[in-house]
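Tertiary structure, described
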Amino acid sequence: MTKKIAVLPGDGIGHEVTAEAVKVLERLRRDFGLKVTMDSAPVGGTAYDVYHHPLPASTLALAKQADAVLLGAVGGYKWDTLPRELRPEKALLALRSELQLFANLRPAILYPQLASASTLRADIVAGLDLLIVRELTGDIYFGEPRGTRTLANGEREGFNTMKYAEHEVERVARVAFIAARKRNKKVCSVDKANVLEASGLWREVVIRVAEDFQDVELSHMYVDNAAMQLVKAPKQFDVIVTGNIFGDILSDEASMLTGSIGMLPSASLDAQNKGMYEPIHGSAPDIAGKNCANPIATILSVAMMLRYTLGEPMLAERIERAVSKVLDQGLRTADIYTEGMTKVGTKEMGDAITQGLM
Ligand code: NAD
């Protein structure tokens, strides 16, 4: 059956990197039997300029009708002074909540060819391939009550509420176990169960879900230790599953192990595996329009889309092999360039990967 992809390039380098990802999809459609339709719509500042809203109703409708959304990035200096609810970044939050994308998957992969790009020693990170599954719609970021109040002594106090209902933990844990089955069959659940009741319940539910996944090994780690282990011995991890706030912090830490923001894809999934796929980087206004952004994060996001939503794991591997091949050939965009390599632009990198798909 033909699947629908909504392409939302967004702002800045979002346009440039999604154009290369679309090139890859078109080649897969033409030569490798991928059955998809692609429709584009504006989002972020680009949408605001035309519709006076960062997420116009027509864009939201397209995203809702699609099986998968490919998003570039949003934001830019031009829109920084708009009221908060009209800023480009608001569109992202609205898309996540409208599409009920509760599970955020962020792989941190370090291609051996790029080991010198990391700030950690090559032997610690070369070949790193871990996946963080972060709960995205609950926890202290959304818990009520929240706010600021004035105490009896006149001092002001800010407060938020960390909470997780069982069904919220259960559904994200399932995503993690299913993902682990497609990888090295290990899940590490990260919490702070020694101090927080919300974490205690989190751990209980994860253990319960694990009973349905006897072939996957489950371990638990406190978040402070996990932060330490990620820089000490990151290759011990396969899949990490954790709540929204811990995942926010740990996934940024993990992405930096690889040293290059231009290489890392992400997926946000709903209960039916419908997903929004995007690079982890932003719209990089400092380099926009210069044909020097690295399109690999977005192209690898397409590989995730093929694996998690479109049910085409072989095509996903085809893309990943093509990326590895161009790195072997020594092609590098400026962000991952080291001496002796061949520096190429966004389009040239996209072309080389598209050609390397065979
Ligand atoms: P950024 O990720 O856009 O850029 C950070 C640095 O990394 C910049 O020096 C940039 O040139 C570089 N960089 C980013 N992507 C690159 C790529 N593919 N190739 C080469 N270099 C790359 O973060 P920022 O500068 O903090 O934010 C810029 C804008 O993007 C802001 O408006 C911010 O709100 C927005 N933003 C959007 C998203 C998103 O759409 N998901 C995420 C983060 C930031």
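Just so it is clear, the model here is predicted, and its values are computed rather than measured. (Residues numbered from 1 in each chain as written. Predicted model: local features only at pLDDT ≥ 70, side-chain atom pairs only at ≥ 80, totals over all residues. Heavy atoms only, no water.)

**Some details on the overall build of the protein**
Within the protein, the regular secondary structure consists of 12 helices and 14 strands. Its C-alpha atoms give the protein a radius of gyration of 20 Å, near enough to 21 Å, the size a compact globule of 358 residues would have. The 358 residues of the protein split such that 51% are buried. Expressed as a percentage of contacts within the protein between residues at least 6 apart in sequence, the contacts between residues at least 24 apart total 74%. For the protein, the exposed area adds up to about 15900 Å²; of that, 53% sits on carbon and sulfur atoms. Between the mean site of the 41 positive side-chain charges and the mean site of the 45 negative ones, the protein shows a separation of 3 Å. (Helix = DSSP H or I, 4+ residues; strand = E, 2+ residues; numbered from the N terminus. Rg over C-alpha atoms; globule rule 2.2 N^0.38 Å. Buried < 20%, exposed > 50% of the residue type's maximum accessible area, 1.4 Å probe, protein only. Contact = heavy atoms within 4.5 Å. Areas by Shrake-Rupley, 256 points an atom, 1.4 Å probe, with all protein chains shown as cover. Lys, Arg positive; Asp, Glu negative; His and termini not counted. Charge placed at Lys NZ, Arg CZ, Asp CG, Glu CD.)

**Quick word on the site of the ligand**
By nearness alone, 20 residues border the ligand, and Glu 89, Gly 282, Ala 284, Asp 286 and Asn 294 come closest of all. Taking Gly 76, its main chain carries an N or O atom lying 3.3 Å from an oxygen atom of the ligand. Contacts to the ligand include Asn 294, whose backbone N or O atom sits 2.9 Å from a nitrogen atom. Its free accessible area being 800 Å², the ligand has 68% of it covered by the protein chains. Among the residues forming the shell around the ligand, the class breakdown is nine nonpolar, seven polar and four charged. (Near = heavy atom within 4 Å. Polar contact = N/O pair within 3.5 Å; in protein donor to acceptor, adjacent residues only side chain to side chain. Nonpolar A, V, L, I, M, F, W, Y, C, P; charged D, E, K, R; others polar.)

**Quick notes on the packing of aromatic side chains**
To describe a pair of aromatic rings, one takes the distance between the centres and the angle between the planes. Scanning the entire structure with this criterion turns up two aromatic pairs. Plain terms: the ring middles of Tyr 164 and Trp 202 are 5.2 Å apart, the flat faces sit at 55 degrees to each other, and that makes the pair tilted. With Tyr 164 in the loop between strand E7 (156-159) and helix H6 (166-181) and Trp 202 in helix H7 (residues 197-210), this pair connects stretches of sequence that are 38 residues apart. By relative accessible area, Tyr 164 is classed as buried at 9%. Here Trp 202 falls in the buried class, since its relative accessible area comes to 2%. (Phe/Tyr/Trp six-rings, centres within 6.5 Å; stacked < 30°, edge-to-face > 60°.)

**Observations concerning unusual backbone geometry**
In this model, Glu 144 is joined to Pro 145 through a cis peptide bond whose omega is 0 degrees. Mapped onto the elements, Pro 145 comes out in the loop between strand E5 (129-135) and strand E6 (147-150). Here Asn 291, not a glycine, exhibits a phi torsion of approximately 55 degrees, which is positive. Along the polypeptide, Asn 291 turns up in the loop between strand E12 (275-279) and helix H10 (296-308).

**Quick notes on the sheet that holds E5**
Reading across the sheet, the 10 strands line up as E2-E1-E3-E12-E11-E4-E5-E10-E8-E9 and stay open at both edges, with mixed pairing between neighbours. Each having just a single partner strand, strand E2 (36-40) and strand E9 (217-222) make up the two edges of the open sheet. Direction aside, neighbouring strands of the sheet carry axes that sit 20 degrees apart on average. Against the sheet, helix H3 (residues 57-65) engages strand E1 (3-10), E2 and strand E3 (68-73), with an angle of about 145 degrees to E1. (Pairing = 2+ DSSP bridges. Axes fitted to C-alpha atoms, helices over the stretch in contact; angles between N-to-C directions.)

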